[in-house]
Amino acid sequence: MMPQTINAKLPTQWGEFTIHALEKMPDGKEHIALSMGNIQSDPPVLVRIHSECLTGDAFASLRCDCGPQLEAALEKIATEGRGILVYLRQEGRGIGLVNKIKAYALQDQGQDTVEANINLGFKADQRDFTIAANILDILDVKKVRLMTNNPRKVSALETANIEVVERVPLKFGRNPHNEAYLLTKHGKLGHLLD
Ligand SMILES: Nc1nc2c(ncn2[C@@H]2O[C@H](COP(=O)(O)OP(=O)(O)OP(=O)(O)O)[C@@H](O)[C@H]2O)c(=O)[nH]1
């Protein structure tokens, strides 16, 4: 089945985006992209690949840095007047919402974010970012400036022939509740954080 895209306007507090709803994707999930401005022209467009996080994105949870990263990415795109937010339905680094809350419960008992995933029978990170490259292909984008601290996102795009001309660090949302979580991301998951 071929992927299909449905486009509509999406006015936001940062300006007007186009929302692209992607269905019939290879992983069977419904993904979303928001775009602003001319995304195919030079210089290469600013792109954020964001994994779904209901607790951080919608409920302003301080356990992670997802909400502030999402907002900062949309703001940076609006400031440039062009860019793409790819919103992947990869809740809980791919383990799903209920399993993420199970992982939070284990973290409440002292495990770190990686140990909790492993003890639930998952890998530390279940995500496959190839789907983000598929979405950029559908949007006809071949070169990007990628906002991320996660080297796996950079290598996944490059493996799929999307050139990452620049990695733009995205360090927002550090707070006392997520200090240990961010340290674990840095120490065990390879995120480029100070
Ligand atoms: N399993 C699990 N998932 C989490 C936890 N905290 C946040 N997440 C999920 O992690 C994903 C966000 O991943 P991050 O590791 O924060 O960031 P990243 O996307 O790898 O990298 P950046 O591009 O640098 O932000 C979202 O899907 C969140 O729901 C946790 O403790 N356990």
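Since we're looking at a predicted model, the values are computed, not measured. (Residues numbered from 1 in each chain as written. Predicted model: local features only at pLDDT ≥ 70, side-chain atom pairs only at ≥ 80, totals over all residues. Heavy atoms only, no water.)

Draft legend 1. Main features of the side chain of S35. Counting through the fold element by element, S35 comes out in strand 3 (residues 31-36). Looking at S35, its side chain comes within polar contact range of the side chain of H20, at 2.7 Å. The contact partners of S35, leaving out residues within four places of it in the chain, are F17, T18, H20, G83 and I84. (Helix = DSSP H or I, 4+ residues; strand = E, 2+ residues; numbered from the N terminus. Polar contact = N/O pair within 3.5 Å; in protein donor to acceptor, adjacent residues only side chain to side chain. Contact = heavy atoms within 4.5 Å.)

Draft legend 2. Summary view of the site of the ligand. The ligand sits among 25 residues. The nearest are R48, R127, T148, K153 and K185. Within the contact set of the ligand, an oxygen atom lies 3.1 Å away from a backbone nitrogen or oxygen of G92. Interatomic distance of 2.6 Å between a side-chain N/O atom of K185 and an oxygen atom of the ligand. In isolation the ligand offers 650 Å² of accessible surface; the protein chains occlude 99% of this area. Those elements that provide at least two residues to the shell around the ligand are strand 4 (45-51), helix 2 (66-80), helix 3 (97-108), helix 4 (113-119) and helix 7 (179-188). Element by element, the count of residues in the shell around the ligand is highest for helix 3, at three residues. Looking at the shell around the ligand residue by residue, the classes come out as five nonpolar, eleven polar and nine charged. (Near = heavy atom within 4 Å. Areas by Shrake-Rupley, 256 points an atom, 1.4 Å probe, with all protein chains shown as cover. Nonpolar A, V, L, I, M, F, W, Y, C, P; charged D, E, K, R; others polar.)

Draft legend 3. Geometry of the confidence of the model for the protein chain. Summarising the model, the protein chain shows a mean pLDDT of 95, and 100% of its residues fall at 70 or more. Scored as a whole, the predicted complex attains pTM 0.95, and scored at its interfaces, ipTM 0.96. (pLDDT = per-residue confidence, 0-100.)

Draft legend 4. Structural view of the UniProt feature "binding site: GTP" (unreviewed entry) in the protein chain. In the numbering used here, UniProt assigns the feature "binding site: GTP" (unreviewed entry) to R48, I49, H50, S51, E52, Q69, E91, G92, R93, T113, T148 and K153. A maximum C-alpha distance of 22.8 Å is found for the annotated residues, which run over 106 residues; spatially they are spread out rather than grouped. Judged by its relative accessible area of 2%, H50 falls in the buried class. Ignoring anything within four residues of it in the chain, the contact list for H50 reads D57, C66, L70, L85, V86, Y87 and L88. Polar contacts involving the side chain of H50 include one to the side chain of D57, which spans 3.0 Å. Here S51 shows up in strand 4. The buried category is assigned to S51, whose relative accessible area is 10%. Among all residues touching S51, those that are not within four sequence positions of it are D57, L88, Q90, R127 and F129. Within polar-contact distance, the side chain of S51 engages the side chain of Q90 at 3.0 Å. (UniProt positions renumbered as here; feature names shortened; annotations may be inferred. Buried < 20%, exposed > 50% of the residue type's maximum accessible area, 1.4 Å probe, protein only.)

Draft legend 5. Molecular detail of the packing of aromatic side chains. Under the definition given, this model contains zero aromatic pairs. Over the ring of Y104 we find R63; its NZ or CZ atom is 4.1 Å from the centre of that ring. (Phe/Tyr/Trp six-rings, centres within 6.5 Å; stacked < 30°, edge-to-face > 60°. Lys NZ or Arg CZ within 6 Å of the ring centre and 35° of its normal.)

Draft legend 6. How the structure looks around the environment of N38. With respect to the helices, strands and loops of the structure, N38 is situated in the loop between strand 3 and strand 4. For N38, a relative accessible area of 45% puts it in the partly exposed group. When the C-alpha atoms of N38 and E115 are compared, they prove to be 43 Å apart, with 77 residues separating the residues in sequence. Separated by 3.1 Å, the side chain of N38 and the backbone nitrogen of Q40 make a polar contact.

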